[in-house]
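Residue-level structure breakdown
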There are 4 protein chains.
Amino acid sequence: MQQQTLLLIQCTDEVGLVARISNVLANHQLNIVMMREYVDEANNKFFVRVVCTGFPANQQHLEEDLIAQLPLKANIKINPANRKKIVLLVTKEHHCLADILVRNYFNTLNADVLAVIGNYDVLQEFTEKFDIPFHHVSHENKTKKDFEKEIANLLSTYEADFIILAKFMRILSPDFVGRFEEKLINIHHSFLPAFIGANPYRQAQERGVKIIGATAHFVTNDLDEGPIIVQRTKSIHHGYDLTEMVTAGKEIEKAVLSHALKLLTEDRVMLNGNKTIVFE
Amino acid sequence: MQQQTLLLIQCTDEVGLVARISNVLANHQLNIVMMREYVDEANNKFFVRVVCTGFPANQQHLEEDLIAQLPLKANIKINPANRKKIVLLVTKEHHCLADILVRNYFNTLNADVLAVIGNYDVLQEFTEKFDIPFHHVSHENKTKKDFEKEIANLLSTYEADFIILAKFMRILSPDFVGRFEEKLINIHHSFLPAFIGANPYRQAQERGVKIIGATAHFVTNDLDEGPIIVQRTKSIHHGYDLTEMVTAGKEIEKAVLSHALKLLTEDRVMLNGNKTIVFE
Amino acid sequence: MQQQTLLLIQCTDEVGLVARISNVLANHQLNIVMMREYVDEANNKFFVRVVCTGFPANQQHLEEDLIAQLPLKANIKINPANRKKIVLLVTKEHHCLADILVRNYFNTLNADVLAVIGNYDVLQEFTEKFDIPFHHVSHENKTKKDFEKEIANLLSTYEADFIILAKFMRILSPDFVGRFEEKLINIHHSFLPAFIGANPYRQAQERGVKIIGATAHFVTNDLDEGPIIVQRTKSIHHGYDLTEMVTAGKEIEKAVLSHALKLLTEDRVMLNGNKTIVFE
Amino acid sequence: MQQQTLLLIQCTDEVGLVARISNVLANHQLNIVMMREYVDEANNKFFVRVVCTGFPANQQHLEEDLIAQLPLKANIKINPANRKKIVLLVTKEHHCLADILVRNYFNTLNADVLAVIGNYDVLQEFTEKFDIPFHHVSHENKTKKDFEKEIANLLSTYEADFIILAKFMRILSPDFVGRFEEKLINIHHSFLPAFIGANPYRQAQERGVKIIGATAHFVTNDLDEGPIIVQRTKSIHHGYDLTEMVTAGKEIEKAVLSHALKLLTEDRVMLNGNKTIVFE
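About the thresholds
Residues numbered from 1 in each chain as written. Chains lettered and ligands numbered in written order. Predicted model: local features only at pLDDT ≥ 70, side-chain atom pairs only at ≥ 80, totals over all residues. Axes fitted to C-alpha atoms, helices over the stretch in contact; angles between N-to-C directions. Helix = DSSP H or I, 4+ residues; strand = E, 2+ residues; numbered from the N terminus. Parallel < 35°, antiparallel > 145°, perpendicular 65-115°, else oblique. Left-handed = near helix turned anticlockwise from the far one by under 90°. Contact = placed C-beta atoms within 7 Å. Least-squares fit on C-alpha atoms with pLDDT ≥ 70 in both. Pairing = 2+ DSSP bridges. Domains from an automatic or database assignment. Core = buried A, V, L, I, M, F, W, Y, C linked by C-beta atoms within 7 Å. Buried ≥ 20, exposed ≤ 12 C-beta atoms within 10 Å, placed from the backbone. Nonpolar A, V, L, I, M, F, W, Y, C, P; charged D, E, K, R; others polar.

A word on the packing of helix H7 (residues 200-207) of chain B against helix H8 (residues 242-265) of chain B
Residues and elements named next belong to chain B. Packing of H7 against H8 leaves a shortest axis separation of 10 Å and a crossing angle of 125°. Considering the angle they form, H7 stands oblique to H8. In the packing of H7 onto H8, the handedness of the crossing is right-handed. Contact residues: H7 offers Tyr-201, Arg-202, Ala-204 and Gln-205, while H8 offers Leu-242, Met-245, Val-246 and Gly-249.

Structural data, given as structure tokens:
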């Protein structure tokens, strides 16, 4: 496959940005094969994702030339590591973990799972089948601070690009979240903002909804309020009891998380305040 | 087409109900072609919808025989009017109204639209194209009580089975709602319980959701909390501005309301507290 | 709303096309707000749709400047009439026609329906409610050639951009199709290429499929083989009899045709041999 | 959980069948909690699936009592083994296999995978991680007859209820298919009857379709023509190259096959000639 260059740029919107950027790329012998842009008119912000064939002879020069053409404080990423490192945090539910470990094993994830950290050890045996290290960090008999410190230390050693809360059932402190900003991804078992908080399926059943869903989102310090990456729903009917809702929901959860991971590892997601731009 | 008998029964659950009911039907020479039942185990309630070929020689005897076999206070409906009468309440948006009037004109609604009541007159000309009476009842320069009294008087003359709030943008008082219990159907422009209240699309845009939806539900005195009949969603992306969300939403709204009407007019919906049983 | 300029360009693929195009646009003071391109690598073809704010002072100069920068035989459209003229051909089924006439009446179609031509007159009364001329051109007692000549003459007087076969149940001759190339749009009642030809729902029922669907496509002289614009499906089950399949199918047909019309009237569809490029 | 009795009955349609069946059940102290029936009117056939609480004191008496009440040649199954035995046939693609093995490992399959047979050995290592025997039966250097005989011998030792062709890429002979009638399940990578035969994704790409899909079906001796159990589709667009279509298709294939397995192992599928009745 021919070598490709990926650019992600975020800056204040101005007239002629596409022309200026594409000129710089042409000067560096890069041929645009895919360009997707978005203008947030309310906030006067410009976002673009460009895929080119070719590779810059000198990436620093390319960056300097782009900076020279773009508004101040432009955020420019050229060829961000296209093989992301991932660490998973789990509790007891296996469905999201297993889906990701299988993809990792067969190398269809476009990323590498480096480790799994669980606050229980029930998923250890399964994880180790795939020769992925499993770290059991119990939350019991210790302060939340100590619990999170242990996890943070492990995460630091792995230098993960993304930390996936694959049904991790502990709420993380603002300190912890702040430390791993823009790296923490959660799968929430409802179509947010419906059923924020605990037991969304029970809430759903009590409300008598006719759809259930799941949401993959960045974690921020507003519980269940982080930028949404992917959401999907499924029709249900009165005959679903709680167990059936949970079972059906797990299928959506793993599909949603897997799709979000694909988008993230392909650098298709850009943050725009409390929202995401997703260039599918 | 052969004559059919429709039964809807709701009662306390007990052993042998299906056998007892089907025996009574067989004794009246009614052959079951479709039987759908649901047991709400938590509340020990039994619901059944039966379609038979044949017609009871004496409907009163059939009812008495059923009562004799069923628990006390069983709710039995035999051949509820299978041609429902519908009155629509509208404000200014045409999409749900137009969809229903076209179906009514071409006789695919399995019901008859008797009249349209609007608190503005913008939809009068369109309505009258189809020879349906349009009553303009303005809410301006009068109390809510007087406004609702005018509407209630009109509704009474039509003896409607269902009163459809087809994008009727006024909140109705508990008195009004109480008077037309189990007859008022609303289409809400979000996938409830997300975005309860005003401007759900604006709320959705600010939250950055990746799905939008609509909900058809019975109206109760808990705003946006009535039993849900039909819900549907649609995927959107960051590129949808508010107008595009509203436009896409209208397509869902009319599809959801139209589907709910089909279910209601075919007597496929039974109420179970704050939920619905829908025998599709 | 600010004035916008729309460009559609189709040419041989070459290095630097995006840069060259965006430079020409910048020189004419046009600011790109949306650019979507597609490279058909197998056939070395480049397609782009650009939306700019601003309006060229001299459209001819803009076109000349683009020609000077693009490969030979580039196909360039600048501000194609953004208010398309539509004529509908119908037979007896109303659902697609009614959907389009209602949108036309409420001015949400982004196009103008100029006339309806029917080979039966059953839809005349409905059409005329909306003050749209209805031409009854019977196919009976005349040759196909004469029948099509009458229709072609009518179409010529209307200079339609798109001729919509809204459940028009006559097969058109190669001569006729050739005369209105790239303007004829059909709605087919199956998810092509399944169930080509007559009675797709009957075929579907006999095959016992669990999904049905519809396809909007350009008409070519290969029956049911023209470039596909939009397809959608719906799950069904064993309980659907033929009538129920047809009824459910009509909902998909009108949604699919309506979506295709939206795309066509917004100039979002480009032809690429037997396929379409759709820039949604 | 309370003990339940499951009945599947298939017979000629007659007046009063539901009453007669439910009476027999009541006489055996079985309380119907779920009854789903279907009448194939064109062929005068009756199908019913009944779930009761309770367990017959004497299953043979129950069967005799039912036979006495039903038309001749009624097909009655009482409590068919509700823990099915499954053997998988695979070639090189892992996605369906992995999905099923993970469900089996975590015991969410409602069935037991006894073995995997592959005509290549590439999936052996993965299979054996889960302590499931993998039999490598190469098709090379032997006649089709010998190849199939080896497989048939293995299958006989396992006495499988269902033999799942989980992307098994060899066409089986009529002899083989005949021997395992109603037990062979295939996942086909298109929404049948579109794209029968080889390379459906290539066919789909050349046709320029806007949806792809997958079909789980019983295998008969008409290639790709067996009774369909589950079908699902997904929207695609012009930008999908062949690889992306295959990748997206695999997600549908595994979801469809997994759903079909759920239905089969819960005894929710009944055969009706070339179609299935699916009581979801």
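Focus: the relation of the copies chain C and chain A
Take chain C, turn it by 180°, move it 0.0 Å along the axis, and it overlays chain A with an RMSD of 0.0 Å. Accordingly, the operation relating the two chain copies is best matched by a two-fold axis. When C-alpha positions in chain C are compared against the rotation axis, the closest is assigned to C:Ala19, at 3.0 Å. The residues that chain C uses at the interface reappear at the interface of chain A in 100% of cases, marking a shared surface.

Examining the pairing of strand E1 (residues 4-12) of chain B
All names here are of chain B. When E1 meets strand E3 (residues 45-53), the two strands line up antiparallel, connected through 9 bridges. By the bridge assignment, Leu-8 is partnered in E3 with Arg-49. For E1 and strand E4 (residues 75-78), the ladder comprises 4 bridges, and the chain directions are antiparallel. Looking at the pairing, Leu-7 lines up with Ile-78 of E4.

Let's talk about the domain arrangement of chain A
Residue and element names in this part refer to chain A. Domain assignment breaks chain A into domain 1 (4-78) and domain 2 (84-278). On a C-alpha basis, the centres of domain 1 and domain 2 stand 32 Å from each other. Each partner contributes to the interface: domain 1 provides 8 residues, whereas domain 2 provides 5 residues. Listed by contribution, the elements that provide at least two residues to the side of domain 1 that touches domain 2 are strand E1 (4-12), strand E2 (31-40) and strand E3 (45-53).

Describing the nonpolar core
Counting residues in hydrophobic clusters, the biggest one holds 340 residues, and the most contacted among them are A:Ala166, B:Ala166, C:Ala166 and D:Ala166. The contact partners of D:Ala166, leaving out residues within four places of it in the chain, are D:Leu88, D:Leu89, D:Val90, D:Cys96, D:Leu97, D:Ile100, D:Ile187 and D:Leu257.

Re the interface of chain C and chain A
Interface size is commonly expressed as the accessible surface area that is lost when the partners come together. Facing the 14 residues of chain C at the interface are 14 residues of chain A. Among the secondary structure elements, those contributing two or more residues to the side of chain C that touches chain A are helix H1 (17-27) and strand E2 (31-40) of chain C. For the side of chain C that touches chain A, the per-class residue count stands at 9 nonpolar, 4 polar and 1 charged.

Some thoughts on the interface of chain B and chain A
At the interface, 22 residues of chain B touch 22 residues of chain A. Considering only residue class, the side of chain B that touches chain A consists of 11 nonpolar, 8 polar and 3 charged.

A few points about the relation of the copies chain B and chain A
Once turned by 180° and shifted 0.0 Å along the axis, chain B lies on chain A with an RMSD of 0.0 Å. Looking at the interface residues of chain B, 100% of them are also at the interface in chain A, so both copies use one shared face.

Concerning the sheet that holds strand E1 (residues 4-12) of chain D
Residues and elements named next belong to chain D. Read from one edge of the open sheet, 4 strands run E2-E3-E1-E4, paired in antiparallel fashion. Two strands bound the open sheet, and with one partner strand each, they are strand E2 (31-40) and strand E4 (75-78). The sheet shows a mean angle of 10° between the axes of neighbouring strands, taken without regard to direction.

Some points on the environment of B:Phe176
All names here are of chain B. Note on placement: Phe-176 falls in helix H6 (residues 174-179). When the C-alpha atoms of Phe-176 and Glu-125 are compared, they prove to be 28 Å apart, with 51 residues separating the residues in sequence. Look past the residues within four positions of Phe-176 in its chain and what remains in contact with it is Glu-148 and Ala-152.

A word on the sheet that holds E4(B)
Residue and element names in this part refer to chain B. A sheet is described by the order of its strands in space; here 4 strands give the open sequence E2-E3-E1-E4, paired in antiparallel fashion. What marks the edges here is a single partner per strand, and that holds for strand E2 (31-40) and E4. Mean inter-strand twist for the sheet, computed between neighbouring axes without regard to direction, equals 10°.

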